[in-house]
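A closer look at the structure
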Amino acid sequence: MNQLLVSTALLLPIVASLISFSVKRAKVSEAISIATSLVLLAISILAMTSVVDPSRVVIDGLFRLDRLAQIMLLVIGSVSTLAGWASISFLDSLILNHEFSRNPQGPPPNRRTYWALFNIFSFAMVLAVLSNNLGITWVAIETTTIATTFLVGFKRTPLSLEAAWKYAMICSFGIAIALLGVSIVYFAAVHGGLSGSQALQINVLTTHFRLLDHSAMRLGVGLMILGFGAKAGLVPFHSWLPDAHSQAPAPISALMSGVLISVAFSVILRVVSISNLVLGSSYAHTYLAVMGLASMAVASLLLINQRDYKRMLAQSSIEQIGFVAVAASFGTELAIAALLLHVVVHGLGKSLAFISVGRVESGFHSTEISKVKGLLKNSPSVGFGLIVALCILIGLPPFGLFWSETAIITSASGTHFVLVSAGAIAFILISSVALARSVLKMTLGLGDSGSAIAVSRGFLPIAGTAFLASVLLGILASPTNGLLIRAAHSIVGIG
Amino acid sequence: MTNSSLIDLASAALLLSGVFIASYNDLAKQGSLLRLQGIALSTLPFLMAFEHNSLDLWIAGFLVLGVRGIVLPGLVKSAAKRIPAEKERSHSRISTTTSLLISGASTIVAYLGTIPLSHLDSSSTTKASSIGLALVLIGVQILIFKRMAVGQIVGFLVLDNGIAAFGFLATLGVPLLLELGGSLDLLFAILIMGALTSRMIVKFGTTDVDELSELGDR
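A short note on the overall build of chain B
- Helix and strand content of chain B: nine helices and zero strands.
- Starting at the N terminus and walking to the C terminus, you meet the elements of chain B as α-α-α-α-α-α-α-α-α.
- Scaling as 2.2 N^0.38, a compact globule of 218 residues should have a C-alpha radius of gyration of about 17 Å, and chain B matches this with 18 Å.
- Reported as C-alpha extents along the three principal axes, the dimensions of chain B are approximately 50 × 35 × 35 Å.
- Looking at the 218 residues of chain B, the share that counts as buried comes to 54%.
- If you sum the accessible surface of chain B, you get close to 9,100 Å²; carbon and sulfur atoms cover 68% of it.
- Across chain B, 15 positive and 15 negative side-chain charges occur, with their mean positions spaced 9 Å apart.

In structure tokens:
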């Protein structure tokens, strides 16, 4: 069963990508891409209902569908379904705009390329979370950069070109640093006596952690956290995030903010679990606490005076992933379980936010906060979507972020990181107030009565689904939920 | 000449070509030096394959020679011909002397950085692995101080060559699967960066990355 689910999850997006690229009818690409995302979602739910053995490795020990992978697959499946669904109307309006533009920039947007890259992006993320081999994980994360660079520059404007260039450069640099880290861990493992073919396998490294040299591992782990941190949007390589998110098509921003950064962080979690065994927990935990708190600080300070709503959402993502890093630094089972819930709910909330502002952008042709007013009055569905997304993101009950944030903060009390948690609370408050102020500015007020946004047929069901899923998760999944605690246990108590 | 002195010779060629690439601003020269560097890099797995009789290393050697010795430097050289020369713009933020000084300092830092690794294994190749790290730092230097898009791509290639050199010298190469995936990803990444550079010429009329300064928080 394990092997069947893993192979399906890996092969399906590739097949979907090939079909999307070769078939001319847009409807076929749309249907097959969304179906693929739904199958990924189904696989994650099937795996969670314990039809698989989470500790079993398959296909020569290269992959496994453990509990962390199951939860990440759930995030990938759900957000890519929403993003795929939203992409249909996004592409329609983009192509319509291009046809009616007096001064079209470049050739018309190509649906086939879009869907092919969309599916390769999904494939790369699935590969990263299912991989049991640090080498394959690295290749997968690099592949996400390759697939998304063109998607970031999809609009072919000078600004989107700038964003794509910066994105490609910063992320490729970060990932190169991670490769150096992977090579050093390989060096430590081979010199510890592990065979070359097994030296990068995560389960082998955690079982034989005593063989690994400390100073080499310190260097290797440090470089890997720094490098994969670039892709997760952690300081110091966070600057690509607002640029890329503000220029990318809204559904792609949803995927990058909602899933990609969490997928990269799940890789860091795996690295940390090896590091904790070899070097003790204080090394990686202190490292993550510093990076996490610095990311939260930078993001929440930039949020205060933010004028661009897409950059605002991206900075909120840096702040959230910073908080996730802080949670990982606490290292308790409760903190990790809450972190996983946080990642799932944030993925849904951020997708809803990006999909809503995508409609705003296509209606107002501007991403400036000051230009948008009275959404609730003039375009109630978009305004409502944005308000709900805000409530999810700032952690109001009954949404899951309320429970996850409370649990994470509480779990710090028994650790050395009480001050870090106090800092995190301060930054959460600053960013929540800043986010709420900007969103309320856009949604409340009278606005210009002629500024109603044409809402596509697809928008309401998408927003409704994200809303329902978030409420359900808030009610059903608390951080003390058995599934999450078991997942956290497998990450913390791996030894 | 023994095998280990040939490995030392190849390592020296790697480092020297890196230092010169960093100090030159002429793309065609950088392309030629990059080709030399790729060939020097591929001799490492070839020499090791000969000594250890390993098929994986032979394959890795041909892969390195093909991708890093022929295809990628070829792309840089063709870009040098295609992209209009922008003589009125300075291509580097620092002078040649400063670049040489930084490269020297990078080499010393890299040597100090790999001391913990050479405690673990005192073989001469592991000691030479500091060359890989030095190339990584020189690559970073090029990335930071070159202003033209292709110059930065060259920096990225030097950095990646450094990581590959580190892999070969420290551990007789990373597993073939990673080498294969890594080379393929590198090739795609460079092709994408190249495509973006072409779009830059169309949109901005220059490949000066300092022109890309519209985005940001002001």
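So, next bit.
Some points on the nonpolar core
All names here are of chain A.
- Counting 258 residues, the largest nonpolar core has L130, L134, W165, F265 and L339 as its most contacted members.
- Of all the elements, helix α6 (residues 158-191) adds the most residues to this core, at 23 residues.
- Beyond its immediate stretch of four places on either side in the chain, L339 contacts F265, L269, V324, A327, A328 and I408.

Quick notes on the interface of chain B and chain A
- Listed per partner, the contact involves 47 residues of chain B and 49 residues of chain A.
- Here chain B and chain A share an interface that buries about 4,200 Å² over both sides, 77% of which is from carbon and sulfur atoms.
- Where chain B touches chain A, the interface holds zero salt bridges.
- On the surface where chain B and chain A come into contact, there are three residue pairs in polar contact (both at pLDDT 80 or more).

Considerations on the confidence of the model for chain B
- Mean pLDDT over chain B: 86, with 98% of residues reaching 70 or higher.
- Looking at the elements of chain B, mean pLDDT is at its lowest for helix α6 (residues 124-128) of chain B, recorded as 75, and at its highest for helix α7 (residues 130-145) of chain B, recorded as 92.

Thoughts on the packing of helix α1 (residues 3-23) of chain B against α7(B)
Residue and element names in this part refer to chain B.
- The N-to-C vectors of α1 and α7 enclose an angle of 10 degrees; their axes lie 10 Å apart at closest approach. As judged from the angle between their axes, α1 and α7 are roughly parallel. Facing α1, whose interface residues are S11, L14, L15, G18, V19, I21 and A22, α7 presents I131, A134, L135, I138, Q141 and I142.

A short note on the layout of surface pockets
- Of the volumes computed, that of the second largest pocket is approximately 870 Å³.
- Residue lining of the second largest pocket: 41 residues in total, with B:L176, B:L177, B:L178, B:L180 and B:G181 positioned closest to the centre.
- Where the lining of the second largest pocket is concerned, the elements lending two or more residues are α4 (111-130), α5 (134-152) and α6 of chain A together with α3 (55-82), α8 (149-171) and α9 (176-204) of chain B.
- Tallying contributions element by element places α9(B) first for the lining of the second largest pocket, with eleven residues.
- Across the lining of the second largest pocket, the residue classes tally to 28 nonpolar, eleven polar and two charged.

Quick word on empty space enclosed by the protein
- One pass over the full model with this rule turns up seven cavities of 30 Å³ or more.
- Roughly 130 Å³ of internal volume is contained in the largest cavity.
- Together, 15 residues line the largest cavity, and A:L179, B:R68, B:A164, B:V174 and B:E179 are the ones closest to its centre.
- For the lining of the largest cavity, the secondary-structure elements that each account for two or more residues are α6 of chain A together with α8 and α9 of chain B.
- Top contributing element to the lining of the largest cavity by residue count: α8(B), with five residues.
- By residue class, the composition of the lining of the largest cavity is seven nonpolar, five polar and three charged.

Comments concerning the pattern of salt bridges
Residues and elements named next belong to chain A.
- Counted by the stated rule, this structure contains twelve salt bridges over all chains.
- The closest approach of N and O atoms between D66 and R64, which form a salt bridge, is 3.5 Å.
- Here the salt bridges share partners, and the residues they tie into one network are K27, E30, D92 and R111.

A closer look at the packing of α5(A) against helix α10 (residues 250-279) of chain A
Residue and element names in this part refer to chain A.
- Axis separation between α5 and α10 bottoms out at 12 Å; the angle between their running directions is 165 degrees. Classified by the angle between their axes, α5 and α10 sit roughly antiparallel to one another. Considering the relative orientation of α5 and α10, their crossing is left-handed. From α5, L134, T137, I141, T144, T148, L151 and V152 reach across to α10, where they touch I252, M256, L260, V263, A264, V267, V271 and I274.
- Partitioned by chemical class, the residues of the contact of α5 with α10 number twelve nonpolar, three polar and no charged.

Thoughts on the side chain of A:S404
All names here are of chain A.
- Tracing the backbone through its elements, the reader meets S404 in helix α16 (residues 400-411).
- Here H342 takes part through its side chain, which lies 2.9 Å from a polar atom of the side chain of S404.
- With residues up to four places along the chain from it excluded, the contact list for S404 reads A338, L341, H342 and P479.

Describing helix α8 (residues 214-232) of chain A
- Between its first and last C-alpha, α8(A) extends 26 Å over 19 residues, near the 27 Å set by a 1.5 Å rise per residue.
- Just past α8(A), the residue A:G233 takes up positive phi, approximately 85 degrees.

A closer look at the packing of aromatic side chains
All names here are of chain A.
- Across all of its chains, the model carries 15 aromatic pairs over all chains by this definition.
- Between Y283 and Y287, the ring centres sit 6.1 Å apart and the planes meet at 85 degrees, which makes this aromatic pair edge-to-face. Here the residue Y283 and the residue Y287 both occupy positions in helix α11 (residues 281-304), the gap between them amounting to four residues, near one helical turn.
- Aromatic side chains F330 and F417 sit 6.2 Å apart centroid to centroid with 35 degrees between the ring planes, which places their arrangement in the tilted category. Within this pair, whereas F330 is found in helix α12 (residues 309-330), its partner F417 is found in the loop between α16 and α17 (418-443), the two being separated by 87 residues in sequence. We note that F330, like F417, is buried.
- Here the aromatic cluster, defined as three or more aromatic residues joined through ring pairs, consists of F90, Y114, W115, F118 and F154.

What about α7(B)?
- Under the 1.5 Å per step criterion, the end-to-end length of α7(B) is 22 Å for 16 residues, consistent within 8% with the ideal 22 Å.
- Burial of α7(B) is extensive: 13 of the 16 residues sit out of reach of the surface.

Quick look at unusual backbone geometry
Residue and element names in this part refer to chain A.
- The omega angle of the peptide bond from V235 to P236 is 10 degrees, so this bond is cis rather than trans.
- Considering the arrangement of structural elements, one finds P236 in the loop between α8 and α9 (240-247).
- Here the amide bond leading from P397 into P398 is cis, since omega sits at 10 degrees, within 30 degrees of zero.
- Mapped onto the fold, P398 is located in the loop between α15 (380-393) and α16.
- A positive phi angle, close to 50 degrees, is found at I59, a residue other than glycine.
- Structurally, the position occupied by I59 is in the loop between β1 (57-58) and β2 (63-64).

Remarks on a nonpolar patch on the surface
Residue and element names in this part refer to chain B.
- Together, I70, V71, L75, L184, F188 and L191 make up a nonpolar patch on the protein surface, roughly 510 Å² of accessible area in all.
- Put simply, the parts of the chain that give the nonpolar patch at least two residues each are α3 and α9.
- Assignment of secondary structure puts L75 in helix α3.

About the cut-offs
Residues numbered from 1 in each chain as written. Chains lettered and ligands numbered in written order. Predicted model: local features only at pLDDT ≥ 70, side-chain atom pairs only at ≥ 80, totals over all residues. Heavy atoms only, no water. Helix = DSSP H or I, 4+ residues; strand = E, 2+ residues; numbered from the N terminus. Rg over C-alpha atoms; globule rule 2.2 N^0.38 Å. Buried < 20%, exposed > 50% of the residue type's maximum accessible area, 1.4 Å probe, protein only. Areas by Shrake-Rupley, 256 points an atom, 1.4 Å probe, with all protein chains shown as cover. Lys, Arg positive; Asp, Glu negative; His and termini not counted. Charge placed at Lys NZ, Arg CZ, Asp CG, Glu CD. Core = buried A, V, L, I, M, F, W, Y, C linked by side-chain atoms within 4.5 Å. Contact = heavy atoms within 4.5 Å. Buried area = accessible area lost by both parts, 1.4 Å probe. Salt bridge = Lys/Arg side-chain N within 4 Å of Asp/Glu carboxyl O. Polar contact = N/O pair within 3.5 Å; in protein donor to acceptor, adjacent residues only side chain to side chain. pLDDT = per-residue confidence, 0-100. Axes fitted to C-alpha atoms, helices over the stretch in contact; angles between N-to-C directions. Parallel < 35°, antiparallel > 145°, perpendicular 65-115°, else oblique. 1 Å grid on protein atoms, 1.4 Å probe; cavity = no way out; pocket = protein on both sides within 12 Å on 5 of 7 lines; lining within 4 Å. Points joined across faces, edges and corners; volume = space filled by probe spheres on them. Nonpolar A, V, L, I, M, F, W, Y, C, P; charged D, E, K, R; others polar. Left-handed = near helix turned anticlockwise from the far one by under 90°. Expected span 1.5 Å × (residues − 1). Phe/Tyr/Trp six-rings, centres within 6.5 Å; stacked < 30°, edge-to-face > 60°. Patch = residues over 30% accessible without salt bridge, like charges linked within 9 Å, V, L, I, M, F, W, Y side chains within 5 Å.

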